[in-house]
Amino acid sequence: MPRFFVKKDGSVLACGGNSPDMIPDSDWHTKPEVHFERIALSGPVRQLEATTSQALALMQDGTVYGWGSSSHSLLGNGVGKSNKPLKIAGLENIVQIGIGWNHAVALRSDGKVLTWGQRTYGVLGDGQDTDKEDGMPHEVEGLSDVTSISVGGRTTLALKKDKSLWAWGCNTSGQLGQGSSSRCIATPVRVKGLSGVIQCAADKNDDGANAAITSDGRVWVWGSNGSSMLGNGKRDGAAMSPIPVKGVTGAKQVTTGLGCIVVVHTNGTVTSWGFNGFGGLGMSGGTYIQSPRKPNVSGIAAAYASGYATFLVKANGVVLWSGGTDGSKSGPMSKKVGQYTVLNIP
């Protein structure tokens, strides 16, 4: 799958194997020697989110464009696929976006949340759990004053102005933090036992674990421990309500990949745990890192977990990466690496 990089000036570069229509207006799949390619968009980009088959770009003017296969109506009703960026109808004044397996979510500047796509597992937050699709974004009722969102494979987290955390979607392993499991909860519910939340991260799997940071710098997790995402030294069971991760303090950012959690601390160090089968945590230790460990990096400003790879951005803008390949035949990410390595982005 291709990897996308948003640069400081709002331009976007792509690198990696080109799934059909994932690189707009490009014959990149016939040019394996090309390692990075600039994506032609209507203006500067604020944020970009992608799956293996579709991508959404939040422009700095608050509009949203999408391209790719458009499975589950993520590019709008009646749109099958597009290798050209299409403006998503009904989205203006957007400040954050997220994309799951079959749905997408947008946060508007007035604190309202909009969703579209397929309703399986109640991911649209409209009370319905069906395979019906809706390509027109609609407001999630009963949810306001939201300051940030995090979208997982089949769950969505919404952080409100009062620092309470709300969730909806799949709950088969207690991912919604309600003290019990169920197939799903199709309307927003407050995550129990958490207050003072400053940042959150929804797991990209459909049966994983979610994470949050509270104002005291602690990290909390809940959901499945099948990939050791609870960081408790085990790889089984689940937490139906949030529990603190022992020994992890001073956190400022948390991100989740496929079965792993990566935390950036205020001092620029990183702590990680969970699935490490492709070296995505940047250290040795086997397929699963069952307790929090620190890779040998420093001066880190932000982290982004993407599939089975993790990308770290240093304070000076240098990007490090570790993990599985991007599917290309050649290039900087054509072979997996098991420790953080500089990625030379033009």
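The paragraphs below set out a description of the structure included in this document.

**Some words on unusual backbone geometry**
Consideration 1: A positive phi angle, near 60°, is found at Asp145, a position not held by glycine.
Consideration 2: Positionally, Asp145 belongs in the loop between strand S11 (133-139) and strand S12 (146-151).
Consideration 3: Even without a glycine there, the phi angle at Lys163 is positive, about 70°.
Consideration 4: The class for Lys163 is partly exposed, based on a relative accessible area of 37%.

**Some words on the packing of aromatic side chains**
Consideration 1: All told, the structure shown has eight aromatic pairs when counted by the stated rule.
Consideration 2: Ring geometry for Phe275 versus Tyr288: centroids 5.4 Å apart, planes at 65°, classification edge-to-face. With Phe275 in strand S22 (residues 270-275) and Tyr288 in strand S23 (residues 288-293), this residue pair connects regions lying 13 residues apart in the sequence.
Consideration 3: Take Phe275: its relative accessible area is 17%, and that puts it in the buried class.
Consideration 4: Given a relative accessible area of 26%, Tyr288 falls into the partly exposed group.
Consideration 5: By way of ring pairs, the aromatic residues Phe5, Phe36, Phe311 and Trp321 are connected into one cluster.
Consideration 6: A cation over an aromatic ring shows up here: Arg183 above the ring of Tyr121, its NZ or CZ 4.0 Å from the ring centre.
Consideration 7: Taking NZ or CZ as reference, Arg235 lies 4.1 Å from the ring centre of Tyr288, over its face.

Analysis parameters
- Throughout, a residue's number is its position along its own chain's written sequence, starting from 1.
- A pLDDT threshold of at least 70 governs which residues receive local features in this predicted model, and a stricter bar of 80 or more applies before side-chain atom pairs are shown or counted, although totals over entire chains, interfaces and linings include all residues.
- The side-chain numbers reported here are obtained from all heavy atoms of the structure, hydrogens and water having been left aside.
- To qualify as a helix, a DSSP run of H or I must reach at least 4 residues; to qualify as a strand, a run of E must reach at least 2; elements of each kind are numbered from the N terminus.
- Each residue's exposure class comes from its accessible area (1.4 Å probe, protein chains only) as a fraction of the maximum for that residue type: buried when under 20%, exposed when over 50%, partly exposed otherwise.
- Ring pairs are drawn from Phe, Tyr and Trp, using the six-membered ring of Trp, whenever the two centres fall within 6.5 Å, and their geometry is named by plane angle: stacked under 30 degrees, edge-to-face over 60, tilted for the rest.
- A ring is considered to have a charge above it if a Lys NZ or an Arg CZ atom is located within 6 Å of its centre and within 35 degrees of its normal.

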